[in-house]
Amino acid sequence: MTATEVENEIGRDRRRKEDQRLITGRTRWTDNIVLPGMLHLAMVRSPFAHATITSIDTSAAKAAPNVVTVLTGADFGEELGVCINAWPITPDQVTPGHSPMPSDRVAFAGEIVAVVVARSAAEARDAAELVDVEYDELPAALDLKKAAADEVIAHPDLGTNKSAYWVFDSAEAGTGGNVEDAIAKARTDGIVIEREYRQQRLIPAFMEPRSVVVDPTGEQYVMYSATQIPHIVRFALAATTGVPESKIRVIAPDVGGGFGGKLQVTPEEWIAWAVGRRIGKPVKYTETRSESLVSGHHGRDQWQKLTLAAEKDGTVTGFKVELLADLGAYVAIVGGGVPVLGAFMFNSIYKFPAYHFAVQTVLTNKTWTDAYRGAGRPEATYAIERIMDELAVEVGVDPLVIREKNWIKHEEFPFTTVCGLEYDSGNYEAATEKAKEMFGYDALRAEQQQRREAGDPVQLGIGISTFTEMCGLAPSRVLGSLDYGAGGWEHAAVRMTPLGKVEVVTGASAHGQGHETAFSQIVADRLGVPFEDVEVLHGDTQVAPRGLDTYGSRSLVVGGEAIVRAADKVVEKAKPIAAHLLEASVDDLEFSAGRFSVRGTDQGLGIAEIATAVFTAHNLPDGVEPTLDSDAAFDPTSFSFPHGTHLCAMEVDTETGALNMRKYVCVDDIGTIINPLIVAGQVHGGLVQGIAQALWEEAVYDDSGTLVSGSFVDYLLPTAADTITFDIDHTTSPSTTNSLGTKGVGEAGTIASTPAVVNAVVDAVRQFGVNDIQMPCTPERVWRAIQTGGKGGATTEAAMPHFDEGEGS
Amino acid sequence: MDLTHRFTVPTPVEQTWAHFADIASVAECFPGAAVTSVEGDTFAGSVKVKLGPIALVYNGSGTFVEKDDTAHRFVVDAKGKDKRGNGTAGATVTLTMASAGTGTDVEVVTDLSITGKPAQFGRGVMQDVSDKLLGQFVDCLEQRLGGEAEPTVPHVSVAETPPEQPEREGPSEPSTPKHLADPPADDSLDLGATVLPVLARSYWKPAAGALGVLLLLWWVVSRSRR
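Predicted, not measured: the structure shown is a model, and the values here were computed from it.

Draft legend 1. Layout of the overall build of chain B. Across its full length, chain B holds six helices and eight strands. For chain B, the N- to C-terminal ordering of α and β elements is β-α-α-β-β-β-β-β-β-α-α-α-β-α. When burial is assessed residue by residue, chain B has 36% of its 226 residues classed as buried. Within chain B, contacts between residues at least 6 apart in sequence are counted, and of these 57% link residues at least 24 apart.

Right, here's the structure in full:
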């Protein structure tokens, strides 16, 4: 399959070819782009969570120095377009209209009500403060549970906050038994565990704030945007603003991180688009960090009600999941699809005979939520891995024993789960064995025991997370069956230049993943050309006309496979030409290490030579097109199912609640690894983001609906200094859904690490009667939990906490 | 839960109560506040606050929504909007007086609510901000009622009994107190003073560290100069 003489590129820890330009910033970040005559935008945002706009006085702003114009929602008509929801999860989903710039009513604090156009960004921002908006405050729906009870309506015209109720039931689907029966039986002669867990609201907090430049001066309107999804943005612009697709070019230049936060069609993009078209000049908008935290979409924010039924010996007989999911003020592009993506993962790696999942999505007057690294699967993994620990306690065995009793054995693959998904490959025993060994599991358990008996003020806890996830979005048919608005295929093209260099065009749109390096390695092996000779082109709808972009750990498993298939087509096209030039029969040719050679002779031709011959086309066989360039579009038949075992040791100071991470080990099975260095980077970053949910991060609103964690002073984003050195390793059971055997890794760390950490914290203080601590597990909460044997209290939703003394539960 | 301040003034309750007929003088006790007009039980004015880089000018009005001359209790509802769109500030001040011997116990219960930028940025700072605002408000009332009593923190009662300034007395000339014409030079409340201690508390260690490094450098350099 790959070159034999030369060292394989696949598996090499290549340094990322894109880093030099990305790290130095001397590259095409959207905010670096400057066009002739370009004007700058500043947004006027509502300070209220819910209010009617009674008047907007723009006269003072218009009179400000170098202000070109000030526009409000009322100044635009249809051409402003709308922000779309691409995934109505039920036919009767209640979906509020989402104007990029409403003219009548604002539904969350930070919503845009006017835009200032000026000659410099600073002048635009100064003038924005001069726009005088009169509001009539309306009661705001803020608390998720109260909103679900329709106490206050976020969008009065809709009459309810309940957006959609989506159910999967294994009995109805014919993929398993009836969960109510299982629970009823367990109540009589088994174990029933009921828990409610909170998934706090998180902020993606990508490094590069969102930025957009619109250039209406050419034949095509061009939008440069710091987005993960240029192709989908183009589609949505055409669909909602009445500009033909053929007139729209969307470019995602170098993009500095996304984590799902740039998987969106944003009001800022739509407004810049409308303003650019209106005034016929290039315009730029770059958000400030505080705007980013307030108006970039948030993630998670769910309540999880869980009922687990098991036999006395710990064999799980059924699992029932009831979710409340906070959509925020609008149904975003994926919106309610996020919890649905988790629906098939609550059974995780286990053989559950019966399963029921139901989610109620709810509208509130807070920033809208959408995909955030893991999207649905971290929530699912957290719920199941936390409650499996509870089951272990109930049965009185080691949590690993309970897991082994219920998980799918390696010889049982391929395995069809209670959700009807077919897991193609995996080996949970192997990954767990390796992790235990690296972790020194038994020794740490012994130390934990010893500390307990000694009554050490610093207790030790061990947390386990044996996770799997479905990634590589996605089989288009499956997405279709779930009413998702698009497919899940990916497109690629491989072009041979006259001098034998290779141009790879991919529809995936990198924003820090290292595609250029990894894809080059794949093609270098496939075509037997030097790594340096491969150029990867992406992120521009004109360069890469077809694609579905980057999210859901799909770029390698879907996009990579498309590249492989396009490369193979190039070889197939070259073969008859090589035979002709070598005056041999096609059947006598073999291709390896980038060379066609005639069996049993020393005759041969390199693929580069053939590329040149095709370019001149002086001597080609009759009827052969003078090109080697090839396309491929790949639609996977199934997801890929990476899995792994994560072990975490936490030290808890029972006198102060202070936490200290002692050790973190993860052994992930992500199939074939293209570049171990990139994988390590993805795993490390993923782990930190997951650990951050467990220990640090939370988006907090006060009782008037203001985001009070609206800066990095209050939103605790970890740095390398806050974390320890992780011990990461891998086991490999290649995926069968793509020819490279790869599985996604972009989200694995985030999905797996959160429950491992919280399990460890709870394990350390369980002897105080604690069985849950609400995330983030701050020292204060841990201390309170120890004192009260409770959850450590909810987050006080006040900007001025001391005004709410006594209210803190 | 509201924030409560208590203090005692040596004037009899009736006299103290009469003083509060002068709406303007009460309203002006809000730091950085300037009263521009008074009509009946309603007054209009502005409050200036500097929160680091954010300069806020709240223009708004207040009303005596409740005034009970017999129970010596009133409730002022004040609401202001920042003129640069940075949100609103609202306060409901409930003041009650009770006779305590020759003096008067005054209780001020304040419910302060702030929206927009200051709330978003100042989660930690807002607490100190509102404490400072209210602290100054109460100190001011205390001084006006108790005369030259030096600015004291709430809960401390004033011992002396200096007579009240005549021009402040009675409802006869309430609506335009003198210094409305010429408001204090710096009429804005700079919260730098408030924020600094907060920062100091959080960052003194690194700061000290940095200082140490600097000193070391200076020592090295000065030695190498020899």
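Draft legend 2. Structural view of the overall build of chain A. When its secondary structure is counted, chain A shows 21 helices and 28 strands. Its C-alpha atoms give chain A a radius of gyration of 28 Å, within 12% of the compact-globule value 28 Å for 809 residues. When its C-alpha atoms are laid out on the principal axes, chain A stretches across 85 × 70 × 50 Å. Within chain A, the proportion of its 809 residues that are buried is 56%. Of the contacts made within chain A by residues no fewer than 6 positions apart, 79% connect residues no fewer than 24 positions apart.

Draft legend 3. Expanded view of the UniProt feature "domain: Aldehyde oxidase/xanthine dehydrogenase a/b hammerhead" (unreviewed entry) in chain A. Within the UniProt annotation, "domain: Aldehyde oxidase/xanthine dehydrogenase a/b hammerhead" (unreviewed entry) is assigned to residues 24–139 of chain A. Taken end to end, residues 24–139 of chain A is 11% helix and 30% strand, and its two terminal C-alpha atoms sit 47 Å from one another.

Draft legend 4. Fine view of unusual backbone geometry. All names here are of chain A. Cis geometry is found at the peptide bond from Phe-413 to Pro-414, where omega equals -10°. One can find Pro-414 in the loop between helix 12 (399–406) and strand 16 (415–416). Here Met-775 and Pro-776 are connected by a cis peptide whose omega angle stands at -5°. Mapped onto the elements of the fold, Pro-776 is located in the loop between helix 20 (748–765) and helix 21 (779–788). Positive phi values are uncommon outside glycine, yet Asp-150 reaches one of about 55°. A count of 14 C-beta atoms within 10 Å places Asp-150 in the partly exposed class.

Draft legend 5. Spatial organisation of the packing of helix 16 (residues 515–527) of chain A against helix 17 (residues 555–582) of chain A. Residue and element names in this part refer to chain A. For the pair helix 16 and helix 17, the least separation of the axes is 10 Å and the interaxial angle reads 35°. Considering how the two elements wind past one another, helix 16 and helix 17 form a crossing that is right-handed. Here His-515, Ala-518, Phe-519, Ile-522, Val-523, Arg-526 and Leu-527 of helix 16 come into contact with helix 17, specifically with Ser-555, Leu-556, Gly-560, Ile-563, Val-564, Ala-567, Asp-568, Val-570 and Val-571. Classifying every residue of the contact of helix 16 with helix 17 by side-chain character gives 11 nonpolar, three polar and two charged.

Draft legend 6. The domain arrangement of chain A, seen in detail. Residues and elements named next belong to chain A. Along its sequence, chain A is organised into domain 1 (3–25 + 489–634), domain 2 (33–138 + 207–257 + 262–295) and domain 3 (167–202 + 298–472 + 638–788). Computed over C-alpha atoms only, the centres of domain 1 and domain 2 are separated by 40 Å. Opposite the 14 residues of domain 1 that make contact, domain 2 presents 17 residues. For the side of domain 1 that touches domain 2, the per-class residue count stands at three nonpolar, nine polar and two charged.

Draft legend 7. The arrangement of helix 17 of chain A in detail. Residues and elements named next belong to chain A. Along its 28 residues, helix 17 runs 38 Å from first to last C-alpha, staying within 8% of the 40 Å computed at 1.5 Å per residue. Maximal helix bending in helix 17 amounts to about 30°, located at Lys-575; proline Pro-576 follows within four positions. One or two steps after helix 17, the chain reaches Glu-583, where phi turns positive at roughly 50°.

Draft legend 8. A look at the packing of helix 19 (residues 676–695) of chain A against helix 20 of chain A. All names here are of chain A. Their axes nearest at 7 Å, the elements helix 19 and helix 20 cross at an angle of 40°. One way to sum up the angle between helix 19 and helix 20 is to call them oblique. In terms of crossing hand, the pair formed by helix 19 and helix 20 is right-handed. Touching Gln-682, Val-683, Gly-685, Gly-686, Leu-687, Gln-689, Gly-690, Ile-691, Gln-693, Ala-694 and Leu-695 of helix 19 are Ala-748, Gly-749, Thr-750, Ile-751, Ala-752, Ser-753, Thr-754, Val-757 and Val-758, all from helix 20. Tallied by class, residues from the contact of helix 19 with helix 20 come to 10 nonpolar, 10 polar and no charged.

Draft legend 9. Looking closely at the sheet that holds strand 2 (residues 51–57) of chain A. If you walk across this open sheet you meet the three strands as 4-2-6 (chain A), and the pairing is antiparallel. Two strands bound the open sheet, and with one partner strand each, they are strand 4 (105–106) and strand 6 (132–137) of chain A.

Draft legend 10. Region of the structure containing the sheet that holds strand 26 (residues 643–653) of chain A. Residue and element names in this part refer to chain A. A sheet is described by the order of its strands in space; here four strands give the open sequence 18-26-27-28, paired in mixed fashion. A single partner strand is all that each edge strand has here, and the edge strands are strand 18 (458–468) and strand 28 (727–730). Averaged over all neighbouring strand pairs, the angle between strand axes comes to 10°, with direction disregarded. Where strand 18 and strand 26 come together, 11 bridges link them in antiparallel fashion. By the bridge assignment, Ser-465 is partnered in strand 26 with His-646. Contacting strand 18 and strand 26, helix 14 (residues 441–454) runs over the sheet at an angle of about 145° to strand 18.

Draft legend 11. Just the nonpolar core, in detail. All names here are of chain A. Counting residues in hydrophobic clusters, the biggest one holds 287 residues, and the most contacted among them are Leu-41, Val-115, Val-116, Val-523, Ile-563 and Val-761. The dominant element in this core, judged by the number of residues it contributes, is helix 17, at 13 residues. What Val-115 contacts, discounting residues up to four positions off in sequence, is Leu-41, Met-43, Leu-71, Met-101, Ile-271 and Val-275.

Draft legend 12. Region of interest: the confidence of the model for chain B. All names here are of chain B. Residues of chain B with pLDDT of at least 70 account for 59%, and the chain-wide mean is 69. Of all secondary-structure elements in chain B, the lowest mean pLDDT belongs to helix 5 (residues 178–181), at 36, while strand 5 (residues 73–82) reaches the highest, 89. Note on residues 148–186: pLDDT under 50 across the span, and 51 contacts to partners over four residues away in sequence or across chains. Note on the complex model: pTM 0.88, ipTM 0.72.

Thresholds applied
- Residues numbered from 1 in each chain as written.
- Chains lettered and ligands numbered in written order.
- Predicted model: local features only at pLDDT ≥ 70, side-chain atom pairs only at ≥ 80, totals over all residues.
- Helix = DSSP H or I, 4+ residues; strand = E, 2+ residues; numbered from the N terminus.
- Buried ≥ 20, exposed ≤ 12 C-beta atoms within 10 Å, placed from the backbone.
- Contact = placed C-beta atoms within 7 Å.
- Rg over C-alpha atoms; globule rule 2.2 N^0.38 Å.
- UniProt positions renumbered as here; feature names shortened; annotations may be inferred.
- Axes fitted to C-alpha atoms, helices over the stretch in contact; angles between N-to-C directions.
- Left-handed = near helix turned anticlockwise from the far one by under 90°.
- Nonpolar A, V, L, I, M, F, W, Y, C, P; charged D, E, K, R; others polar.
- Domains from an automatic or database assignment.
- Expected span 1.5 Å × (residues − 1).
- Bend = angle between axes of the 7 residues up to and from the residue.
- Parallel < 35°, antiparallel > 145°, perpendicular 65-115°, else oblique.
- Pairing = 2+ DSSP bridges.
- Core = buried A, V, L, I, M, F, W, Y, C linked by C-beta atoms within 7 Å.
- pLDDT = per-residue confidence, 0-100.

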